[in-house]
Amino acid sequence: MGVEGGEVRRAPIFFIAVILIMLVMSIAAFILAITVYLTQNTVEYMNIILSASAILLSIYLLLQMRRRTLGPSLEPLKVLTVIRCVGCNYESRREFERGDYILKEIGQCPKCNGTLYIHSIFREVKEKEKTY
Ligand SMILES: [Zn+2]
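Residues numbered from 1 in each chain as written. Predicted model: local features only at pLDDT ≥ 70, side-chain atom pairs only at ≥ 80, totals over all residues.

Draft legend 1. Expanded view of the sheet that holds strand β4 (residues 115-123). Read from one edge of the open sheet, four strands run β2-β1-β4-β3, paired in antiparallel fashion. Of all strands in the sheet, those bounded by a partner on one side alone are β2 (91-95) and β3 (105-108). This sheet shows a mean twist of 35 degrees between the axes of neighbouring strands, independent of strand direction. In the sheet, β3 pairs with β4 via two bridges, with the strands oriented antiparallel. Following the sheet pairing, glutamate 105 is matched in β4 by tyrosine 117. (Pairing = 2+ DSSP bridges. Helix = DSSP H or I, 4+ residues; strand = E, 2+ residues; numbered from the N terminus. Axes fitted to C-alpha atoms, helices over the stretch in contact; angles between N-to-C directions.)

Put into structure tokens, the structure is as follows:
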């Protein structure tokens, strides 16, 4: 189960590599434009604008990707059913099953033989998802 979560969350390495190459090349073009300015005293506006926007774009893409891989959208959703007893304080939880509905009677209490019913059904929210 831990392996599965890691698989889902792994960042697309190829995509990151392409963006990093783009970032390095645009930084190189930016430095080149500045050296041209310093040595020949001519300003290559197009080069500076293009390389600067390429740098910003690749940084933006990297940040977006980072946020998406940490976000909750890739977490597998888990729906839980809470089962309670009418007679005592017995409570148990299990994964939601098809046909579950609230107040459905589903057997006898192992503690007091009272009737067990479905108290609530909810989607599990992990603590780390709230930071999104
Ligand atoms: Zn009970």
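Moving on from the coordinates now.
Draft legend 2. Quick look at the pairing of strand β1 (residues 79-85). One ladder, built from seven bridges, connects β1 with β4; its direction is antiparallel. Its bridge partner being in β4, valine 79 is matched across the sheet by arginine 123. Bridge analysis of β1 against β2 gives five bridges, and the strand direction is antiparallel. For valine 82, the partnering residue across the bridge sits in β2 and is arginine 93. Joining the antiparallel neighbours β1 and β2 is a turn of five residues.

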